[in-house]
Amino acid sequence: MYYAHPGGTIWSVKRKGGNDCGAGRIGPPRKLRGNILNGYIRVSLDIDGKVFSKSVHRLILETFRGVAPEGYHACHYPDPNRKNNRIENLRWDTAMENAKDKYRDHPIATTKCCNRCGYEKEKKDFYSDKRAIDGLKTECKICHSKVSMDTRDPLKKRLSNRIFMRNIRRLNPSYGRSSLGGIKGPHRPVAAPAVDAAVVAVGSHDLGHQNTSGSSGAMPDKILHSLNFLLVR
Ligand SMILES: [Zn+2]
């Protein structure tokens, strides 16, 4: 025989010394120790010679509140501790209500911590951002506008870009350069076919003038510039 205590424990009572003439005397109740699985306490019950593992909170609820209705879960509230199986702390409820327990005692936060300056600020001090989980940017309005002013300043932008390129080319020297040796993007100096034609026309006898811009006066500067790129490769 097993007994459930409203305090959240399961007890076992066994008969001792029984024989064919009598059932023997009832032994003292023994508290089941149980083991922990996923934070819940489970006990092993011997029912008709078969051993079943049962979770204590379900046993307590089934004993004092009846079997759970379809689709209902055992909920621990107000103490979310899974080991607190006192009957006052348990109820059958839907998964949705179970999830709401988490926020029942904690009203929705009205403040947020800025990722850049680290100050706790009200939510109206943050710009909205649809991509964020909470719909707000991670940095406050002041920090955000400060950063955006920095990137709008051409001097600061160029400097930060130079530092960025220097760091990334240290790891990968061909970063941002196309396979032809030109520069990727809209600022490519000369269209590729024109360069090829110029290289073929000039041939190898012009190698000595590769770095002097004045000697080959007939060649436009743009093409010479691209030629340097090719020869360096
Ligand atoms: Zn800030």
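Residues numbered from 1 in each chain as written. Predicted model: local features only at pLDDT ≥ 70, side-chain atom pairs only at ≥ 80, totals over all residues.

Engineer: Help me understand the sheet that holds strand β2 (residues 9-12), please; the structure alone is not making it clear to me.
Structural biologist: Strand pairing in a sheet takes place through backbone hydrogen bonds and is either antiparallel or parallel in direction. The three strands lie next to each other as β1-β2-β5, forming an open sheet whose pairing is antiparallel. In this open sheet, the two edge strands, each paired with only one partner strand, are β1 (2-5) and β5 (30-31). Bridge analysis of β1 against β2 gives four bridges, and the strand direction is antiparallel. Bridge pairing in β2 places Tyr2 opposite Ser12. (Pairing = 2+ DSSP bridges. Helix = DSSP H or I, 4+ residues; strand = E, 2+ residues; numbered from the N terminus.)

Engineer: Looking at this structure, how should I read the confidence of the model for the protein?
Structural biologist: Per-residue pLDDT for the protein has a mean of 79; in total, 76% of the residues score no lower than 70. Per-element mean pLDDT across the protein ranges from 44 in helix α6 (residues 221-232) up to 94 in strand β13 (residues 126-128). Confidence drops under pLDDT 50 across residues 200-217; counting only partners more than four residues distant or on other chains, this segment forms nine contacts. The low-confidence segment residues 223-233 (pLDDT under 50) makes 23 contacts with residues lying over four places distant or belonging to another chain. (pLDDT = per-residue confidence, 0-100. Contact = placed C-beta atoms within 7 Å.)

Engineer: Before we go on, may I ask you to explain the sheet that holds strand β7 (residues 40-47) in this structure?
Structural biologist: Taken in spatial order, the three strands make up an open sheet running β6-β7-β8, and their pairing is antiparallel. Taken across any chain shown, the strands that pair with only one partner, and hence form the sheet edges, are β6 (35-37) and β8 (50-55). Between one strand axis and the next, the sheet turns by 40° as a mean value, whatever way the strands run. In terms of strand pairing, β7 meets β8 through six bridges, oriented antiparallel. Its bridge partner being in β8, Ser44 is matched across the sheet by Ser53. Against the sheet, helix α1 (residues 56-65) engages β7 and β8, with an angle of about 90° to β8. (Axes fitted to C-alpha atoms, helices over the stretch in contact; angles between N-to-C directions.)

Engineer: Just to check I follow, could you spell out the nonpolar core for this structure?
Structural biologist: The tendency in soluble globular proteins is for nonpolar side chains to be buried as a group. Membership of the largest hydrophobic core is limited to nine residues, which are Ile10, Ile41, Val56, Leu59, Ile60, Leu61, Ala74, Cys75 and Leu90. Among the elements of the structure, α1 and β9 (73-76) are those that each provide at least two residues to this core. For this core, the element with the highest residue contribution is α1, accounting for four residues. In this structure, Ala74 is in contact with His57, Arg58, Leu61, Leu90 and Trp92, ignoring residues within four places of it in sequence. (Core = buried A, V, L, I, M, F, W, Y, C linked by C-beta atoms within 7 Å. Buried ≥ 20, exposed ≤ 12 C-beta atoms within 10 Å, placed from the backbone.)

Engineer: Would you mind showing me how to read the pairing of β8 here?
Structural biologist: A small share of β8 lies buried, amounting to zero of its six residues. Joining the antiparallel neighbours β7 and β8 is a turn of two residues, in which Asp48 adopts a positive phi near 55°.

Engineer: Would you take a moment to explain the pairing of β7 for this structure?
Structural biologist: With three bridges joining them, β6 and β7 adopt antiparallel strand pairing. If you follow Leu37 over to β7, its bridge partner there is Tyr40. The loop that links β6 with its antiparallel partner β7 comprises two residues; one of these, Asn38, has a positive phi angle of about 55°.

Engineer: Just to check I follow, could you spell out helix α4 (residues 154-171) for this structure?
Structural biologist: In an α-helix, one turn spans 3.6 residues; hence positions three or four apart end up facing the same way. Taking 1.5 Å of rise per residue, 18 residues should cover 26 Å, and α4 covers 26 Å from first to last C-alpha, within 8% of that figure. Where burial is concerned, little of α4 is hidden: zero out of the 18 residues are buried. (Expected span 1.5 Å × (residues − 1).)

Engineer: Where do I start with unusual backbone geometry in this structure?
Structural biologist: Glycine aside, the phi torsion of most residues is negative, and most peptide linkages are trans. Tyr77 connects to Pro78 through a cis peptide bond whose omega is 5°. Phi is positive for Asp48, close to 55°, though the residue is something other than glycine. On the basis of neighbour counts, which here come to 5 C-beta atoms within 10 Å, the residue Asp48 falls in the exposed class.

Engineer: Whenever I open this one, the environment of Asp79 confuses me. Can you help?
Structural biologist: The residue Asp79 is located in the loop between β9 and β10 (90-93) in this model. Classification of Asp79 as partly exposed rests on a count of 13 C-beta atoms within 10 Å. As a C-alpha pair, Asp79 and Leu90 span eleven residues in sequence and 9.1 Å in three-dimensional space.

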